[in-house]
Number of protein chains: 2
Amino acid sequence: MQPNDQMMEWVGRIAGTLTTVAFLPQVVRVVRTRHTRDLSLVTFVLFCVGVALWLWYGLWLGSRPIVVANGATLVLALIILVCKLRFG
Amino acid sequence: MQPNDQMMEWVGRIAGTLTTVAFLPQVVRVVRTRHTRDLSLVTFVLFCVGVALWLWYGLWLGSRPIVVANGATLVLALIILVCKLRFG
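The rules behind each value
Counting of residues starts from 1 at the beginning of each chain's written sequence and follows it residue by residue. To label them, take the chains in the order written and letter them from A, then take the ligands in the order written and number them from 1. Per-residue local features of the predicted model are confined to residues with pLDDT of at least 70, and side-chain atom pairs are confined, for both listing and counting, to 80 or more; whole-chain, interface and lining totals are unaffected and use all residues. Note: side-chain values were computed over all heavy atoms of the structure, leaving out hydrogens and water. What counts as an axis is a line fitted to C-alpha atoms, over the stretch in contact for a helix, and the angles between N-to-C directions run from 0 to 180 degrees. The way it works is that DSSP assigns letters per residue, a run of H or I at least four long becomes a helix, a run of E at least two long becomes a strand, and they are numbered from the N terminus. The crossing is said to be left-handed when, going from far helix to near helix, the turn is anticlockwise and less than a right angle, and right-handed when the turn is clockwise. Here, residues are in contact when the closest pair of their heavy atoms is within 4.5 Å. Within 6.5 Å between ring centres, the rings of Phe, Tyr and Trp (the latter by its six-membered ring) count as paired, and their orientation is classed by plane angle as stacked under 30 degrees, edge-to-face over 60, tilted in between. Using a 1.4 Å probe on the protein chains alone, a residue whose accessible area is under 20% of its type maximum counts as buried, one over 50% counts as exposed, and one in between counts as partly exposed. A ring is scored as having a charge over it whenever the NZ atom of a lysine or the CZ atom of an arginine sits within 6 Å of its centre and within 35 degrees of its normal. What counts as a salt bridge is simple: a side-chain nitrogen of Lys or Arg found within 4 Å of a carboxyl oxygen of Asp or Glu. When two parts are brought into contact, each loses some accessible area as probed by a 1.4 Å sphere; the total of that loss over both is the buried area. Within 3.5 Å is the distance limit for a polar contact, defined as a pair of N or O atoms, with the added protein rule that one can donate a hydrogen and the other accept it, and that residues adjacent in sequence qualify only through two side-chain atoms.

Participant: Before we move on, could you go through the packing of helix 1 (residues 3-21) of chain A against helix 3 (residues 41-61) of chain B and cite the residues and values that matter?
Facilitator: As a packed pair, helix 1 of chain A and helix 3 of chain B sit with axes 8 Å apart at the nearest point and diverge in direction by 145°. Every pair of crossing elements has a handedness; the one defined by helix 1 of chain A and helix 3 of chain B is left-handed. Residue-level inspection shows A:Asn4, A:Asp5, A:Met7, A:Met8, A:Glu9, A:Val11, A:Gly12, A:Ile14, A:Ala15, A:Gly16, A:Leu18 and A:Thr19 of helix 1 of chain A in contact with helix 3 of chain B, the latter providing B:Leu46, B:Phe47, B:Val49, B:Gly50, B:Val51, B:Leu53, B:Trp54, B:Trp56, B:Tyr57 and B:Trp60.

Participant: A description of the packing of aromatic side chains should follow, citing residues and the corresponding values.
Facilitator: One pass over the full model with this rule turns up 8 aromatic pairs over all chains. Residues B:Trp54 and B:Tyr57 carry aromatic rings whose centres are separated by 5.8 Å and whose planes lie at 75° to one another, so their mutual orientation is edge-to-face. Separated by 3 residues within a single helix, B:Trp54 and B:Tyr57 lie in helix 3, roughly one turn from each other. By relative accessible area, which is 18% here, B:Tyr57 ends up buried. Aromatic ring contacts, followed pair by pair, group A:Phe23, A:Phe47, B:Phe23 and B:Phe47 into a single cluster. Taking the ring centre of B:Trp10 as reference, the NZ or CZ of B:Arg13 above it sits at 4.6 Å.

Participant: Help me get a handle on the pattern of salt bridges, residues and values and all.
Facilitator: One pass over the structure, following the stated rule, counts 4 salt bridges over all chains. One salt bridge in this structure joins A:Glu9 and A:Arg13, with 3.2 Å as the shortest N-O distance. Of this pair, A:Glu9 and A:Arg13 both sit in helix 1, 4 residues apart, which is roughly one turn of the helix. Assessed through its relative accessible area of 34%, A:Glu9 is described here as partly exposed. A salt bridge links B:Asp38 to B:Arg37; the nearest nitrogen and oxygen atoms lie 3.4 Å apart. Taking relative accessible area as the criterion, B:Asp38 reaches 3% and is therefore assigned buried. Its relative accessible area of 44% is what places B:Arg37 among the partly exposed residues.

Participant: Please give an account of the interface of chain A and chain B that cites residues and values.
Facilitator: Interface size is commonly expressed as the accessible surface area that is lost when the partners come together. Taken residue by residue, the interface counts 37 residues in chain A and 37 residues in chain B. Summed over both sides, the interface of chain A with chain B buries roughly 3,500 Å², with 71% coming from carbon and sulfur. Taken as a group, A:Met8, A:Asp38 and A:Trp60 account for 18% of the area that chain A buries against chain B, more than any other trio of residues on that side. Scanning the region where chain A abuts chain B turns up 0 salt bridges. Counting the contacts that link chain A with chain B gives 17 residue pairs in polar contact (both at pLDDT 80 or more).

Read these as spatial facts, not as claims about activity.
Below is the structure:
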């Protein structure tokens, strides 16, 4: 593996971590404030279905990074979706 | 390619489409209402950086699906971020 390949592996790892961890502050915000009016219900429904399909795809591929990232993202996105359904 | 492989290719395609298209209703909502109070600023900053890194990773890999999906998601997420910065 060349140095450039190693750097790009890290770019991929950091990308996957960020796009998952990003949803944690949104979860904290909706759970604390119980305000979800400005969130789009359709966005979180489509996003949860999409992430669940990524998880299925990752399980089929046997790709641990895809499974871990999308498993964690699905949990966070589902919490936001449930809050949106409860708080309107 | 076996039938199961073809089906799983489609699962991957639909997953990528959904996790990108999902952000469109959120863009429409924030542009129309100009209300972004319930959105987490940190979430959209981290998400934009993460998606930009995915785009870079996809360009390096030469993976058209990663580039197209993350390019489109980045545009949508940046619009939401700019609205959040403007409308608070």
